[in-house]
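# Structural features, examined
Spelled out, the chains give:
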Amino acid sequence: ESMKSKWLLLGVLMVMSSFAQHAQAMRIVSIATGEKGGEYYSFATTIAKFVCSYGAIIRSTESGKDLADNINLLESREVDFVIVQNDVARRAFNGDQMFPNPAKNMRAVASLFPDAATPGATAVLLTHAAVPNDLIYDFIKGLFENLAKIQDSNVSAQHITLKDSTRNLTVPLH
């Protein structure tokens, strides 16, 4: 009887562990981007399909809002990731007239692709320093393991390479 109870307890613990791992894998990830229909939103939607097996919410900014909105969402930890230009990231991190409170908890995840709208600028994926390392690792691993599929689905992604993933970063890496 005692042995039967132990096996039952072990089985229950294994099932609970499996549910816990699945629940952790189903973490909802939020990515703030530019307006719907824009290049950043399109890219985030594409990576959500291939990278976020645990689910993703893509949050777009409303047309007419200023550049600080996504940075503010990240700083207040309302989103896990943002996609912005590297020059905007630098200005937010250091603080300037658009960003009177420096975003010192912002961290770079990867340099993505040239920004066609602003010559010399690069789109970058940013996160908050408090986002867990394992989430960042899984996200980046998923990005580069699925890069060919992502590139087939999104024109902007064709410029992404592992070699250049830390180029043109203007804030510290996570």
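For the structure, see preceding data.
A brief report on the enclosed structure follows. (Residues numbered from 1 in each chain as written. Predicted model: local features only at pLDDT ≥ 70, side-chain atom pairs only at ≥ 80, totals over all residues. Heavy atoms only, no water.)

## What about the pattern of salt bridges?
What counts is decided by this rule: We define a salt bridge as a contact between a side-chain nitrogen of Lys or Arg and a carboxyl oxygen of Asp or Glu at a distance within 4 Å. Numbering of helices and strands runs from the N terminus; a helix is a DSSP stretch of H or I covering at least four residues, while a strand is a stretch of E covering at least two. Three labels apply to residues, based on accessible area from a 1.4 Å probe with only protein chains included: buried if under 20% of the type maximum, exposed if over 50%, partly exposed otherwise in between.
One pass over the full model with this rule turns up three salt bridges. The residue Lys-141 makes a salt bridge to Glu-145 at a minimum N-O spacing of 3.9 Å. Of this pair, Lys-141 and Glu-145 both sit in helix H5 (residues 133-145), four residues apart, which is roughly one turn of the helix. Residue class for Lys-141 comes out partly exposed when judged on its relative accessible area of 37%.

## Describing the nonpolar core
What tends to happen in soluble globular proteins is that the nonpolar side chains get buried as a cluster. In plain terms, the rule: By convention a nonpolar core is built from buried Ala, Val, Leu, Ile, Met, Phe, Trp, Tyr and Cys residues, the set being connected through side-chain atoms within 4.5 Å. In this analysis, two residues are considered to be in contact whenever any of their non-hydrogen atoms come within 4.5 Å of each other.
Phe-43, Ile-83 and Leu-112 are the most contacted members of the largest nonpolar core, which totals 26 residues. Going through the elements one at a time, strand E1 (29-33), helix H2 (39-50), strand E3 (81-85), strand E4 (106-114), strand E5 (122-128), H5 and helix H6 (147-153) are the ones with two or more residues in this core. Sort the elements by how many residues they give to this core and H5 lands first, with six residues. If sequence neighbours within four positions are ignored, Leu-112 has contacts with Phe-43, Ile-83, Thr-122, Ala-123, Val-124, Leu-125, His-159 and Ile-160.

## Topic: the pairing of E5
Note the threshold: Whether two strands pair depends on DSSP finding at least two bridges between them.
The buried count for E5 comes to seven of seven residues, which makes it a mostly enclosed element. Pairing between E3 and E5: five bridges, direction antiparallel. Across the sheet, Gln-85 pairs through a bridge with Ala-123, a residue of E5. Pairing of E4 with E5 involves seven bridges; the strand directions are antiparallel. Among the inter-strand pairings, Arg-107 is bridged to a residue of E5, identified as Thr-127.

## Examining the environment of Thr-45
Short version of the rule: As used in this structure description, the phrase polar contact means that two N or O atoms lie within 3.5 Å; if the pair is within protein, one of them must be able to donate a hydrogen and the other to accept it, and residues adjacent in sequence are counted only when both atoms belong to side chains.
Its location among the elements puts Thr-45 in helix H2. Among the residues examined, Thr-45 registers a relative accessible area of 31% and is labelled partly exposed. Residues Thr-45 and Ile-31 lie 14 residues apart in sequence; the distance between their C-alpha atoms is 9.1 Å. In this structure the side chain of Thr-45 is engaged in a polar contact, spanning 2.9 Å, whose partner is the backbone oxygen of Tyr-41.

## Comments concerning the packing of aromatic side chains
For clarity, the threshold we go by: Aromatic pairing here means that ring centres of Phe, Tyr or Trp (its six-membered ring) are within 6.5 Å. Orientation follows from the plane angle: under 30 degrees is stacked, over 60 is edge-to-face, and everything else is tilted.
All told, the structure shown has three aromatic pairs when counted by the stated rule. The interplanar angle of 65° and the centroid separation of 6.2 Å between the aromatic rings of Tyr-40 and Phe-113 together place this pair among those described as edge-to-face. In this pair, Tyr-40 is assigned in helix H2 and Phe-113 in strand E4, connecting sequence segments 73 residues apart. Centroid distance Phe-43 to Phe-113: 5.3 Å. Interplanar angle 70°. Geometry classified as edge-to-face. Placement of the pair is Phe-43 in helix H2 and Phe-113 in strand E4, with a sequence separation of 70 residues.

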